[in-house]
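Below, each chain spelled out in residue letters.
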Amino acid sequence: MPIVELHNLKKYFATQKAVDDISFSIEKGSIFGLLGPNGAGKTTLIRMITGIFFPDEGQIVFDGKKFDPTNDIINIGYMPEERGLYKKMKIGEQALYLAQLKGLSRNSAMEKIKEWFVRLEMQSWWNKKVEDLSKGMSQKLQFVTTVLHEPKLIILDEPFSGLDPLNTNVIKDEIYKLSKKGATIIFSTHRMEQVEEICNHIVLINKGKKILDGSVKQVKQDFKENLFSIGFEQMPSLNGTPVFDLIATKNDSYVVKIKEGNKPNDVLKYFLQQNASINSFQELLPSLNDIFIKLVEGTSVTRQFLREETLQK
Amino acid sequence: MNKTFIIIKREYLSRVKRRSFIISTFLFPIFIILFIVGSVLIAVKSRELIKIAVPNDSFLKASLKSDSSSVLFVFDPSADQTNFDEKGYTAYLKPNRDSASSKKYTIISRKQIGLESMEDIRRQLNKAYEDKLLLQRNIDKKTLDSISAASDNAIKVNNTTVDKTGKEREANAGLAYGIGFGSGLLIYITMFIFGAMVMRGVMEEKMNRIAEVIVSSVKPFQLMMGKIVGIAAVGLTQFLMWIILIIILTSALQLFISPDTMHHIQDVQHNPAVGQNATIATNLMDAKAKIVGGAQWEIIIPCFFFYFLGGYLFYAALFASVGSVVNEDPQEAQSLMLPITMPIIFSFLILSTSISHPNSPLAFWGSLIPFSSPIVMMGRLAYGVPEGVPWWQLFLSMALLVAGFIFTTWFAGKIYRTGILLYGKRVTWKEMMKWLRRSS
C-alpha cells in the first residue's frame with residue numbers, strides 16, 4: 001500500500017513550469033530516491049508533499065486519504081536542502097522548540113530529545129549555541145529534529161552534504177533503522193552512488209517532468225547495453241566476428257557489446273573455439289550515474305540543438 | 001498548545017532575555033532625564049553676557065538702564081569704536097549722526113552678536129526711547145517707575161473651553177502641545193524601532209535558512225503573526241517597565257523632598273538672596289500638579305496604548321513582508337523599506353503642524369487615515385475630547401486603524417508566504433503585487 005500517491009501534479013510559476021504533470025506513488029516502508037539535476041523541480045515537488053505549497057492542479061493522497069496539510073504535517077519530517085537553525089539559541093531549546101512546533105508536548109519532546117542525544121553522543125551539546133557548532137554537528141542536530149516526532153514519512157534533501165564519512169555512516173545507519181521500524185523515506189539528491197546504495201525505488205525528474213520511474217534493479221536492466229567484460233589469462237587475438245563488437249581493450253580483458261540476435265553464450269563459444277583461457281565473464285550494467293547523465297544530458301542537448309536550429313531559421 | 005503561541009513565546013523570551021533589552025529598558029528613562037537636564041544646562045550656559053559701551057553724548061543717557069542680565073549698557077566717554085575691546089567691552093553703540101533727528105544706531109563688535117541678544121538690545125533701546133518720550137510729556141520719573149512696576153505681567157490670560165452643555169474645562173495649550181508632541185514622538189520612534197526589529201527577525205530567519213524548516217511545521221502566516229505579536233509583547237513590556245521605573249523614580253524623589261524640605265523651601269522663599277531657586281522648586285511642584293490635573297489622562301493613556309499597538313500592527317506586517325523578500329544585500333532592504341518609512345516620516349511632519357492647529361483639515365484627515373493616524377491623533381487627543389477631537393472622529397479613526405491593520409496583515413501575509421522561500425532573486429514591488437493575486 002502506498003503512503004503517498006501523486007496524481008497529475010502541476011505547479012506553474014510566472015517564469016517556468018516547475019512541476020508539470022507528475023504522477024507516481026511511494027510504497028510504505030521503502031527508501032525512495034527522488035533524483036534530478038539542479039532546477040528540475042525537486043524542491044517544488046517536495047514542498048507540495050510537505051504542504052508548504054499547494055499544487056495548481058492534481059491531487060496528493062497521503063496514507064490512503066486526501067492530503068490535509070494541517071493534520072498530516074505531524075506525520076511528516078522534512079529536512080530541506082537549504083536548512084538552518086537559530087544561531088543564538090541553545091541546542092537543547094532549539095530542538096525542543098522545533099519538536100513543539102511539530103505538535104509534541106513539552107514533556108514527550110524532552111524525553112525523545114534526550115534519547116536521541118544519548119544515541120548520537122550529543123548530550124554535552126545541550127547548552128551550547130548553534131554558532132559554536134561545526135557544520136557537521138549542526139547537520140546531526142537537524143537530522144534529529146527532523147525525525148524526533150517519529151513521522152511516517154521522512155523527506156531528506158541532500159542529507160549527507162557537508163558530512164564527513166564517519167558521520168555519514170552514523171546517519172545512514174539511523175536511516176536504515178528508521179526504515180526497518182516502518183518509516184518511509186524520500187531521499188532527494190544528485191549523488192548517484194548513495195542512491196544506488198540506499199534506495200529501492202527511484203524517480204528521475206527533469207525540467208518539471210518525470211522521465212524515469214522504477215526499482216533500481218529494473219532501471220539498470222532497462223538501460224543495459226549488452227556490454228560484457230571478458231578476462232583472459234592470455235589475451236587472444238581477434239578476427240572480425242558477427243557476434244559482437246569490441247568496445248574497449250584493457251590490460252587483461254576485453255569489453256564487448258553483443259550484437260542483436262546473439263546471446264552471451266555465443267560470445268563464450270567464439271572464444272572457446274579459439275582455445276582462449278577465460279578466467280572471468282561478467283555483464284556490465286550501467287551505473288545510475290551513467291543513466292542519469294545520459295537522460296539529462298540528452299534532453300538538454302536536444303533542447304539546445306532545437307534552439308540553435310530555430311535561431312538559424 | 002497552539003503553535004502560534006509557541007512561536008510568540010520564543011520570539012518574546014529570546015528578546016526579553018537579551019542583554020540589550022535589559023540595558024535599553026533601564027537606560028532609556030535615565031537617558032531622557034539626562035537629555036532634559038543637559039539641554040537646560042546648555043541653554044543656561046550658552047547665554048552670552050554682552051557689555052556694550054555707550055558714548056556719553058547719547059540722548060538716551062537719562063533713560064537707558066539695563067534690565068536684563070545678559071545685556072549690560074555702560075556709559076563710558078573714553079570708549080570709541082577702535083578701543084572698546086581693549087577696555088573690556090563686547091561691543092560699542094555708535095549713533096548714526098547723518099541728521100540731528102536720526103534714530104539709527106549701529107552695534108560695532110568683533111564677533112557677531114546672537115539673534116536673541118540683538119532682539120534684547122533693540123527692545124531695550126526702544127523702551128528707553130519710549131520712557132524718554134513719556135518724560136518729555138511731563139510724566140515724572142517716579143510715576144513712570146511705579147506704573148511699569150505695577151503693569152509688569154499683571155494681567156494673566158487663560159483659555160477655558162466650554163462645550164454645548166456648558167461644561168467648562170481650563171485649556172492649557174502649552175501642556176497639550178507637550179503631551180501631544182511627546183506621545184506622538186514616542187509612537188513614531190517605537191514604530192521604527194519595533195518595525196525594524198520585525199524586519200530584522202524575518203531576514204534572520206530567511207538568511208539562516210530556518211524558515212523552510214519551520215514552515216513545514218506551521219503555516220507561514222502563523223510564523224509571521226507569531227513574530228509580530230511576540231515583538232509587540234516585548235514593546236508593551238518595555239513601556240510597562242518604563243512606567244514602573246518613572247513611578248519609582250518620582251516617588252523616590254518625593255521621599256527626598258520630605259515635608260521638612262518643603263518647609264525649608266517656604267522659608268527661603270522669604271529670603272531674596274536664595275529665593276530664586278526655591279521659586280523654581282515651587283514652580284516645578286505647581287507644574288506637576290497642573291500636568292497631573294490638567295490633561296485627560298484617563299483618555300490619553302488608553303488611547304496611547306491603542307494607537308501604539310494599532311500603528312505597530314499596521315506597519316509591522318509591512319516591515320515583515322519587506323524582510324521576507326530581501327536577500328543577502330542590506331541595501332536592497334533600504335530601497336524596499338522606503339515606501340513604508342515615507343508615510344511614517346510624513347505623519348510626523350503632519351503631527352508637528354497639526355499640533356498647533358488641532359482642528360485644521362490637515363489634522364482632521366491625518367488623524368483619520370490609518371497611515372498617519374497613530375501619530376497625528378495623539379497630537380489632537382492631548383487637547384482633550386471633545387475639544388481637540390470630537391468623539392465620532394476618535395471612534396472612526398480607531399475603526400479605520402483596525403480595518404487598516406487587518407488589511408496590511410492580509411496583504412503582507414501574501415507577500416511573506418512567497419518571499420520567505422525565494423532565494424537569490426531581486427524582487428520589485430511590482431512583482432509583489434502579482435503575488436497578491438495568487439490564491440492559496
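If you're wondering where the values come from, they're calculated on a predicted model, not measured in any experiment.

(A) Looking closely at the overall build of chain A. When helices and strands are counted, chain A shows 10 helices and 14 strands. Based on the C-alpha atoms only, the size of chain A along its principal axes is roughly 75 × 55 × 40 Å. For chain A, the proportion of its 313 residues judged to be buried stands at 35%. Partitioning the intrachain contacts of chain A with sequence separation of at least 6 by distance along the chain shows that 69% fall at a separation of at least 24.

(B) Quick peek at the overall build of chain B. Scanning chain B from N- to C-terminus turns up 15 helices and 6 strands. Sequence-distant contacts in chain B: of pairs separated by 6 or more residues, those separated by 24 or more amount to 66%.

(C) Broad picture of the sheet that holds strand β5 (residues 65-66) of chain A. In spatial order, the strands read β2-β1-β4-β5 (chain A); together these 4 strands make up an open sheet with antiparallel pairing. With partners counted over all chains shown, the strands left at the sheet margins are β2 (17-27) and β5 of chain A, one partner each.

(D) Structural context of the pairing of strand β12 (residues 244-249) of chain A. All names here are of chain A. In this sheet, strand β13 (residues 253-258) lies alongside β12 in antiparallel orientation, the contact comprising 5 bridges. Each bridged residue has a counterpart across the sheet, and for F244 the counterpart in β13 is I258. What sits between the antiparallel neighbours β12 and β13 is a turn of 3 residues.

(E) Main features of the pairing of strand β6 (residues 76-79) of chain A. Residue and element names in this part refer to chain A. Here β6 shows a buried face lined by I76 and Y78 and a second buried face lined by G77 and M79. By the bridge criterion, 4 bridges tie β6 to strand β7 (residues 153-157) in an arrangement that is parallel. Paired with M79 across the bridge in β7 is L156.

(F) Layout of the sheet that holds β7 of chain A. Residue and element names in this part refer to chain A. Strand order in the open sheet formed by 6 strands is β6-β7-β8-β3-β9-β10, and the pairing between neighbours is mixed. Two strands in the sheet have a free side with no partner beyond their single neighbour: β6 and β10 (209-215). Taking each pair of neighbouring strands and ignoring which way they run, the sheet shows an average axis angle of 15 degrees. As paired elements, strand β3 (residues 31-35) and strand β9 (residues 201-206) share 4 bridges and run parallel to each other. Residue pairing in the sheet places F32 in a bridge with H201 of β9. Lying on the sheet, helix α1 (residues 42-49) is in contact with β3, β7, β8 (184-189) and β9; it crosses β7 at an angle near 155 degrees.

(G) Molecular detail of the interface of chain B and chain A. Opposite the 17 residues of chain B that make contact, chain A presents 19 residues. Mapped onto the side of chain B that touches chain A, the elements with two or more residues apiece are α1 (3-16) and α6 (211-215) of chain B. Residues that form the side of chain B that touches chain A fall into these classes: 7 nonpolar, 5 polar and 5 charged.

(H) Molecular detail of the nonpolar core. Residues I155, I185 and F187 of chain A together with V198, I228, A316 and A320 of chain B are the most contacted members of the largest nonpolar core, which totals 130 residues. With residues up to four places along the chain from it excluded, the contact list for A316 of chain B reads F194, G195, V198 and I228 of chain B. Residues A53, F73, F84 and I121 of chain B belong to the second largest nonpolar core, which totals 13 residues.

(I) Here's a closer look at unusual backbone geometry. Residue and element names in this part refer to chain A. In the Ramachandran plot, D63 falls in the positive-phi region, its phi being about 55 degrees despite a non-glycine side chain. Phi at E121 is positive, roughly 55 degrees, even though this residue is not glycine. Examined against the element boundaries, E121 turns out to sit in the loop between α4 (106-119) and α5 (135-147). Among the residues examined, E121 registers 10 C-beta atoms within 10 Å and is labelled exposed.

(J) Spatial organisation of helix α13 (residues 373-381) of chain B. With 9 of its 9 residues buried, α13 of chain B lies for the most part within the structure. Contact partners of the buried residues in α13 of chain B: α5 (173-207), α10 (297-325), α11 (330-354), α12 (361-368) and α14 (391-419) of chain B.

(K) Highlighting the confidence of the model for chain B. Averaged over all residues, the pLDDT of chain B equals 79, while 80% of them reach at least 70. Here residues 271-276 of chain B is modelled with pLDDT under 50, and outside its nearest four sequence neighbours on either side it reaches 3 contacts, counting other chains as well.

(L) View of the packing of α10 of chain B against α11 of chain B. All names here are of chain B. Their axes nearest at 9 Å, the elements α10 and α11 cross at an angle of 170 degrees. The angle between α10 and α11 places the two elements in the roughly antiparallel class. Residues Y315, L318, F319, V322 and V325 of α10 form the contact with α11, whose participating residues are A333, L336, M337, I340 and I344.

(M) Main features of the environment of F5 of chain B. Residues and elements named next belong to chain B. For F5, the location among the structural elements is in helix α1. Judged by the 14 C-beta atoms lying within 10 Å of it, F5 falls in the partly exposed class. Between the alpha carbons of F5 and G230 there is a distance of 8.9 Å; along the sequence they are 225 residues apart.

(N) Seen up close, the environment of K103 of chain B. Among the structural elements, K103 of chain B can be located in the loop between β3 (91-95) and β4 (105-109). Distance in space between the C-alpha atoms of K103 of chain B and I187 of chain B is 53 Å, their sequence separation being 84 residues.

(O) Fine view of the confidence of the model for chain A. All names here are of chain A. Averaged over every residue, the pLDDT of chain A is 84; residues scoring 70 or more account for 95%. Averaged pLDDT values over the elements of chain A bottom out at 61 in helix α10 (residues 288-312) and peak at 92 in β7. Note on residues 301-313: pLDDT under 50 across the span, and 0 contacts to partners over four residues away in sequence or across chains.

(P) Representation of the packing of α5 of chain B against α13 of chain B. Residues and elements named next belong to chain B. Between α5 and α13, the least distance of the axes is 7 Å, while the angle of their chain directions is 165 degrees. Classified by the angle between their axes, α5 and α13 sit roughly antiparallel to one another. By crossing handedness, the relation of α5 to α13 is classed as right-handed. Residue-level inspection shows G180, F181, S183, G184, I187 and Y188 of α5 in contact with α13, the latter providing P374, I375, M378, G379 and L381. The class makeup of the residues in the contact of α5 with α13 is 7 nonpolar, 4 polar and no charged.

(Q) Seen up close, α5 of chain B. Over its 35 residues, α5 of chain B runs 50 Å from end to end, which matches the ideal 51 Å to within 8%, given 1.5 Å per residue. Backbone geometry just downstream of α5 of chain B places R209 of chain B in the positive-phi region, at approximately 60 degrees.

Cut-off values and rules
- Residues numbered from 1 in each chain as written.
- Chains lettered and ligands numbered in written order.
- Predicted model: local features only at pLDDT ≥ 70, side-chain atom pairs only at ≥ 80, totals over all residues.
- Helix = DSSP H or I, 4+ residues; strand = E, 2+ residues; numbered from the N terminus.
- Buried ≥ 20, exposed ≤ 12 C-beta atoms within 10 Å, placed from the backbone.
- Contact = placed C-beta atoms within 7 Å.
- Pairing = 2+ DSSP bridges.
- Axes fitted to C-alpha atoms, helices over the stretch in contact; angles between N-to-C directions.
- Nonpolar A, V, L, I, M, F, W, Y, C, P; charged D, E, K, R; others polar.
- Core = buried A, V, L, I, M, F, W, Y, C linked by C-beta atoms within 7 Å.
- pLDDT = per-residue confidence, 0-100.
- Parallel < 35°, antiparallel > 145°, perpendicular 65-115°, else oblique.
- Left-handed = near helix turned anticlockwise from the far one by under 90°.
- Expected span 1.5 Å × (residues − 1).

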